[in-house]
Amino acid sequence: MPKQYLIPGMRIRDILLPVPLDWSKPDGPIIQLFVREIVDPVLRHNNLPVLCFLQGGPGGKNPRPVNGGPSWLAEALKTHRVIMIDQRGTGRSSAVDSTVMAQFDDGQAGADYLMHFRADSIVADCEHVRKNLLGETKKWETLGQSFGGFITLTYLSKAPEGLSACYVTGGLSGLSATADDVYHRTYPRVSAKNAAFYRRYPQDAELAGHLADHLENNDIRLPNGDRLTVRRLQTIGMNFGMGPGFEEVHWLLDEAFADADQSRLSEGFLSAVMAETGFEGRPLFAAMQESIYAQGRGATSWAAERVRQAFPKFSPSNRPLLFTGEMIYPWMFDEVRALRPFKSAVDVLAQRDDFPALYDPTRLFANDVPVAAAVYHDDMYVDAGLSLETAGRLGNCQAWVTNEFEHDGVRQSPAVFRRLLGMVRERGGALA
């Protein structure tokens with residue numbers, strides 16, 4: 001039975017739905033899908049349009065409505081009933097973690113299992129939820145943030161009949177870009193973010209260098225026993241593409257040392273770095289990151305690691321120390337405790353060269369579902385050039401290019417979602 005309750009400004013209904021692990025074998029193993037429906041209590045009896053939020057990631061659960069939730073949610077609840085689905089393998093949707101992966105006998109079995117957690121399976125889940133909650137014929141709108149935009153393109157390729165309008169924020173992927181293409185574009189943008197960070201906090205260049213030297217010369221352990229290496233420290237730069245990212249990294253470094261002569265790291269710093277770089281709550285992000293760019297055009301072969309060699313400034317021995325971005329490296333599956341059980345499976349995934357296609361360029365070109373997309377000019381994670389190429393190849397798509405926001409703009413300001421809604425309404429609104 002669904003669980004229903006009220007919190008200030010929201011009436012919430014929590015639902016668990018069984019779905020096949022493999023949609024091509026509906027009589028096979030079953031996993032659970034967690035769905036949360038949210039509506040303004042005053043509007044709960046109204047026949048509202050439905051908005052399904054497609055979370056970023058990969059491997060990210062939906063945001064929980066704490067303190068009103070992200071800024072877009074309050075805006076959406078003025079006019080819509082909102083559906084949030086924890087994507088399969090995340091949150092309460094049969095979470096895939098180290099315990100699950102440790103059960104597989106070999107890497108091939110683990111990789112075969114992980115193949116069921118890509119965008120095509122997520123779209124099939126969404127369609128199952130839509131039909132169960134709304135009925136076969138009622139369409140819904142989607143809001144895709146980051147990887148949620150990638151899912152949107154797969155949705156438009158495979159099941160556009162379920163969609164009445166799509167809003168995308170920082171998530172128009174390159175339709176034919178390989179993982180190598182993506183990372184050759186990403187490293188220069190991350191380098192530019194590092195330069196901007198050190199311009200804002202010039203004292204942090206010396207501090208980060210001293211910290212890196214300390215880690216290189218000492219066996220520093222995190223509270224869970226993992227060794228904190230320089231290359232693991234560098235990964236805290238993953239936050240640089242978010243609105244508060246520079247400040248989060250600065251204040252983390254600011255309290256790195258527990259003493260005035262900077263000879264001992266603080267326990268608070270070590271705990272924070274462990275949480276920031278440990279992937280305890282989102283191991284699928286690391287496991288699936290490169291495969292979101294794989295569509296049967298050869299193996300990814302650890303593209304981020306290979307392409308990094310062309311950018312020696314990111315060497316752990318370079319000074320000033322450069323932090324990395326949204327890159328996942330093979331060594332993480334040795335050094336990070338929560339990722340070790342994934343190692344053999346992701347090694348197999350990295351060499352797989354027959355990934356099914358996620359996008360149908362012909363169908364996307366002929367698309368008639370209204371799409372409004374925010375393209376963040378300075379986006380560290382999703383290249384604006386590739387996004388605009390995709391917008392030009394996607395029928396009925398309007399792109400709004402802005403440098404006012406970082407990648408998380410839709411979470412930071414209601415103006416982003418409001419602008420996208422207006423773009424669709426001004427051109428006739430969502431499909432009936």
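Residues numbered from 1 in each chain as written. Predicted model: local features only at pLDDT ≥ 70, side-chain atom pairs only at ≥ 80, totals over all residues. Heavy atoms only, no water.

## Topic: unusual backbone geometry
Put simply, G57 and P58 share a cis peptide bond, and its omega is 5°. For P58, the location among the structural elements is in the loop between β4 (50-54) and α1 (71-76). Between R319 and P320 the backbone carries a cis peptide bond, its omega angle lying at 0°. Here S146, not a glycine, exhibits a phi torsion of approximately 55°, which is positive. The topology assignment puts S146 in the loop between β6 (140-145) and α5 (147-158). Phi is positive for W302, close to 55°, though the residue is something other than glycine. Examined against the element boundaries, W302 turns out to sit in the loop between α11 (283-288) and α12 (303-308). You can call W302 buried: its relative accessible area is 13%. (Helix = DSSP H or I, 4+ residues; strand = E, 2+ residues; numbered from the N terminus. Buried < 20%, exposed > 50% of the residue type's maximum accessible area, 1.4 Å probe, protein only.)

## Things to note about the pairing of strand β9 (residues 397-402)
Where strand β8 (residues 371-376) lies against β9, six bridges are found, and the strand directions are parallel. Each bridged residue has a counterpart across the sheet, and for A372 the counterpart in β9 is Q398. (Pairing = 2+ DSSP bridges.)

## Comments concerning the packing of helix α7 (residues 203-217) against helix α9 (residues 245-254)
Contact geometry for α7 and α9: axes closest at 10 Å, N-to-C directions at 55°. Between α7 and α9, the crossing angle belongs to the class labelled oblique. α7 and α9 meet at a crossing whose hand is left-handed. Across from Q203, D204, L207 and L211 in α7, the residues of α9 making contact are H250, L253 and D254. Taken together, the residues of the contact of α7 with α9 break down into three nonpolar, two polar and two charged. (Axes fitted to C-alpha atoms, helices over the stretch in contact; angles between N-to-C directions. Parallel < 35°, antiparallel > 145°, perpendicular 65-115°, else oblique. Left-handed = near helix turned anticlockwise from the far one by under 90°. Contact = heavy atoms within 4.5 Å. Nonpolar A, V, L, I, M, F, W, Y, C, P; charged D, E, K, R; others polar.)

## So, the packing of helix α6 (residues 179-200) against α9
Between two packed helices, both the angle of their axes relative to each other and the distance between the axes serve to describe the pair. At their nearest, the axes of α6 and α9 sit 11 Å apart, and the two run at 60° to each other. Looking at the two axes, α6 sits oblique to α9. Here α6 runs over α9; the crossing is right-handed. Across the interface between the two elements, K193, A196, F197 and R200 from α6 touch F246, E247, V249, H250 and L253 from α9. Residue classes in the contact of α6 with α9 are distributed as five nonpolar, one polar and three charged.

## Let's talk about the pattern of salt bridges
Going through the model one piece at a time under the given rule, you end up with 23 salt bridges. Through salt bridges with shared partners, a single network forms among R13, E37 and R81. (Salt bridge = Lys/Arg side-chain N within 4 Å of Asp/Glu carboxyl O.)

## What about the nonpolar core?
Within the largest apolar cluster, 117 residues are counted, with the highest numbers of intra-cluster contacts made by L114, W140, F269 and F323. Considering every element that reaches this core, the biggest residue donor is α6, with seven residues. Each residue touching L114, except ones within four places of it in the same chain, is listed here: V96, M101, L284, A287, M288, A345, V346 and L349. Counting 26 residues, the second-largest nonpolar core is a separate cluster that includes A76, M84, A372 and L420. (Core = buried A, V, L, I, M, F, W, Y, C linked by side-chain atoms within 4.5 Å.)

## With respect to the side chain of S121
Mapped onto the secondary structure, S121 falls in helix α4 (residues 119-134). At 3.2 Å, the side chain of S121 forms a polar contact with the backbone oxygen of H116. Discounting residues that sit within four places of it in the chain, S121 has contacts with W23, R88 and H116. (Polar contact = N/O pair within 3.5 Å; in protein donor to acceptor, adjacent residues only side chain to side chain.)

## Side note on the environment of P370
On the secondary structure map, P370 appears in the loop between α15 (361-365) and β8. Residues P370 and F34, 336 residues apart in the sequence, show an inter-C-alpha distance of 28 Å. With residues up to four places along the chain from it excluded, the contact list for P370 reads S164, A165, C166, N396, V424, G429 and L431.

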